[in-house]
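Listed below are the residues making up each chain.
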Amino acid sequence: MEVEHDAAIAEESPKEEVPNKHDDKSEMKGEEYAYLDATGFTSELFKIELRGLPKYYGIGELKKLLNVKMKLSTNKIKIMKPGSPFIFICFRNQEDREAAIKALDGYKWKGKSLSAFEAKPAPDPLIRRRKEASTAEGEPLNIKRRTVEASATSLAYLPYDEQLKQKQSEMENVLQKFGKELWSSIPTLRTFVEKQRLLHGGLPCAFEPIRPSPMQDGYRNKCEFSIGKDALGVKRVGFRVGSYSNGFLEVESIAHLKHIPECMKQTVVLFEQFVQSSPFDVYSAETYQGHFRQLTVRMSHATGQVMVVVGVHLQSLSEEEKQTMKSSIVECLTSEPGKQAGISSIHFEVIQKRQQGQYTNPIEHLYGDTHIEDTILGLTFRISPAAFFQINTPAAEVLYQCAIDVAAPSKSTSILDICCGTGTIGLCFARHCKQVLGVDIVEQAIEDAKHNAQKNGIANCSFFAGNSDDLIMSLIRHANIMPDQHESLIAIVDPPRAGLHIRSITQLRNARGLDKLVYVSCSPQSAIKNWVDLMRPCSKQLRGEPFVAKKAMAVDLFPHTPHTELVVLFEREKKSKQELVVDSQNICTDKPVDPQPET
């Protein structure tokens, strides 16, 4: 779901925007810039280019510099690529832009002198691509477009055994890349990495055979369907086969996709018929007009419940028109075909510009159950409309059991569940350990986690809402580990695709008594940096002893697609007091201190 919000980060391809200090404003004519007048407000009108950035910087610290320290009213930060020496920053008005240029031009940051100046708006990529797709004579080029099957289920043509072999091989490649990164960036680990490669067939740790999904077809318990038009202009509910930046936005049918369950397909057909007959139009990313944009469908393999969340742009609808729309949605989805599909819960999502600190759009319950329920490893979980829940429930059981097996907790073990969501992993661990302490940034997810603990009669779990970057040390103090009584601490980390922030890694490294960490990744390529940081030698920032990757295993949660979950076990290598190194530059102690708060 594409939603702009305050101080947003938008990743931009260098081809989309070529910096030029001397752009002539008179060039901003034609179709590529028509959106500037057509959309009312756009922050592209008030954009600057910032150059001279240091080689290494984090987007979080850049946002903190701009918005907190310098008190600039940024609307959007557009990075060209990670580590780019220049970026674009958008503002809400000319006054804010001028103030930013005055403050930033010549400002010293991380030893670099920044330069700032006005930048012209970017051309509309949709119009631009369409022009590029035409010859000089105006004849369209024959662009090969992927089918919806190839886009959504690119491995479906392979027998399942062959899919598993391919995924096992791809995860081996990821681990090989991890080993190369260790070897090149940490010279002191080269001997260790070479020994590991000899032991494990060229990999930096043991790698077990991939675990298959118990269910290969119709396994998805959640899908976000786009609402738009196909190549012939017919209103459709399905998946997009293109994107705005490559020049086409067609939505195609999902009827033949193997990984979508029948109840979802029935729901999509029903709602597509409703949209086609509705007086309210579908939303157009090209004109910013229209209402129906997205249909989120969740289902439970355990109960057969189906939850539907209709995402709309309200535009300038009156209260009466809003009520008419909501009533017609409920009437459609509670009809006989809706009952046959199992629809038991209906919600209404208002898609809008999010405010700073807002992580979800407003969602209103319209009909039926407020939540649905599913089961994992014998436990029942409540699922709210916006909560994270593994999309393949049967395979999630395999994944969580793998995490439990590699962690090997005992009744004297405390578990830190980082990015805990609705508490699924932590609650599955609860029966095997002393206590579970979970943290997640989404408050509704934490409410679900608390409810799930109570519903399952689990009393040794506590869940906290907040940013894990700030709360890990507090959770560790709350755990009150007593090593002299043979108590231990294990962290279970299941972060979003981008991985953990370096602050979280630092706190995990500095955590006293934390000697084992299980990292669950849905995007292993993105997690390599986190893994390397866990294994770096002691430093002023990373005071605790480094972790060592011991074992990895892949679990296939996404049959027919190229995606795979990877579980990696890290253990702390304990040293004797004689082996602890203390010098003027590196401080390694068995008593890490809390990191200093940022100022």
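Residues numbered from 1 in each chain as written. Predicted model: local features only at pLDDT ≥ 70, side-chain atom pairs only at ≥ 80, totals over all residues. Heavy atoms only, no water.

## Concerning the UniProt feature "binding site: S-adenosyl-L-methionine" (unreviewed entry) in the protein chain
1) Next: The UniProt record marks Gln390, Asp440 and Asp494 with the feature "binding site: S-adenosyl-L-methionine" (unreviewed entry), using the residue numbering of this structure.
2) Next: Looking at the element boundaries, Asp440 is found in strand β19 (residues 435-440).
3) Next: Filtering out sequence-adjacent residues up to four positions away, Asp440 remains in contact with Cys419, Cys420, Gly421, Ala445, Ile446, Phe464, Ala465 and Gly466.
4) Next: You can see Asp494 is positioned in the loop between β21 (488-493) and α15 (502-509). (UniProt positions renumbered as here; feature names shortened; annotations may be inferred. Helix = DSSP H or I, 4+ residues; strand = E, 2+ residues; numbered from the N terminus. Contact = heavy atoms within 4.5 Å.)

## Digging into α15
Because the α-helix completes a turn every 3.6 residues, residues three or four places apart line up on one side.
1) Next: Where burial is concerned, most of α15 is hidden: 6 out of the 8 residues are buried.
2) Next: Taken together, the buried positions of α15 are occupied by Ser504, Ile505, Thr506, Gln507, Leu508 and Arg509.
3) Next: Looking at the packing, one finds that the buried side of α15 touches α14 (468-479), β21, β22 (514-521), α16 (524-535), β23 (547-555) and β24 (565-572). (Buried < 20%, exposed > 50% of the residue type's maximum accessible area, 1.4 Å probe, protein only.)

## Considerations on the nonpolar core
1) Next: Within the largest apolar cluster, 49 residues are counted, with the highest numbers of intra-cluster contacts made by Phe178, Leu517, Trp531 and Phe570.
2) Next: The greatest single-element share of this core, amounting to 7 residues, is contributed by helix α6 (residues 160-185).
3) Next: For Trp531, the contacting residues outside a window of four places in its chain are Val174, Leu175, Phe178, Tyr519, Ser521, Pro524, Leu566, Val568 and Phe570. (Core = buried A, V, L, I, M, F, W, Y, C linked by side-chain atoms within 4.5 Å.)

## Observations regarding the packing of helix α8 (residues 262-277) against helix α9 (residues 319-333)
1) Next: Following both chains from N to C, one finds α8 and α9 inclined at 140°, their axes separated by 10 Å at the closest point. What the angle tells us is that α8 and α9 run oblique. Here α8 and α9 pass one another in a crossing that is right-handed. Facing Leu270, Phe271 and Phe274 of α8, the residues of α9 in contact are Ser328, Ile329, Cys332 and Leu333.
2) Next: Its residues assigned to classes, the contact of α8 with α9 comprises 6 nonpolar, 1 polar and no charged. (Axes fitted to C-alpha atoms, helices over the stretch in contact; angles between N-to-C directions. Parallel < 35°, antiparallel > 145°, perpendicular 65-115°, else oblique. Left-handed = near helix turned anticlockwise from the far one by under 90°. Nonpolar A, V, L, I, M, F, W, Y, C, P; charged D, E, K, R; others polar.)

## What about the sheet that holds strand β13 (residues 306-312)?
Strands belonging to one sheet form pairs held by backbone hydrogen bonds; the direction of such a pair is parallel or antiparallel.
1) Next: Read across the sheet, 7 strands follow the order β11-β10-β9-β12-β13-β14-β15 without closing on themselves; strand pairing throughout is mixed. Both edges of this open sheet fall to β11 (251-252) and β15 (363-368), since each of them pairs with a single strand only.
2) Next: With 7 bridges connecting them, β13 and strand β14 (residues 343-350) associate as parallel partners. Bridge pairing in β14 links Val310 to Phe348. (Pairing = 2+ DSSP bridges.)

## As for the packing of aromatic side chains
1) Next: Inspection of the entire model under this criterion finds 9 aromatic pairs.
2) Next: Taking 5.2 Å as the distance between ring centres and 40° as the angle between the ring planes, the aromatic pair formed by Phe271 and Phe274 counts as tilted. Placement of the pair is Phe271 and Phe274 together in helix α8, with a separation of 3 residues, close to one helical turn.
3) Next: Counting every residue linked through ring pairs, the aromatic cluster contains Phe271, Phe274, Phe280 and Phe292.
4) Next: The ring of Phe88 carries the charged tip of Lys47 above its face, separated from the ring centre by 4.9 Å.
5) Next: Of note, Lys110 hangs over the ring of Trp109, and the distance from its end group to the ring centre comes to 5.7 Å. (Phe/Tyr/Trp six-rings, centres within 6.5 Å; stacked < 30°, edge-to-face > 60°. Lys NZ or Arg CZ within 6 Å of the ring centre and 35° of its normal.)

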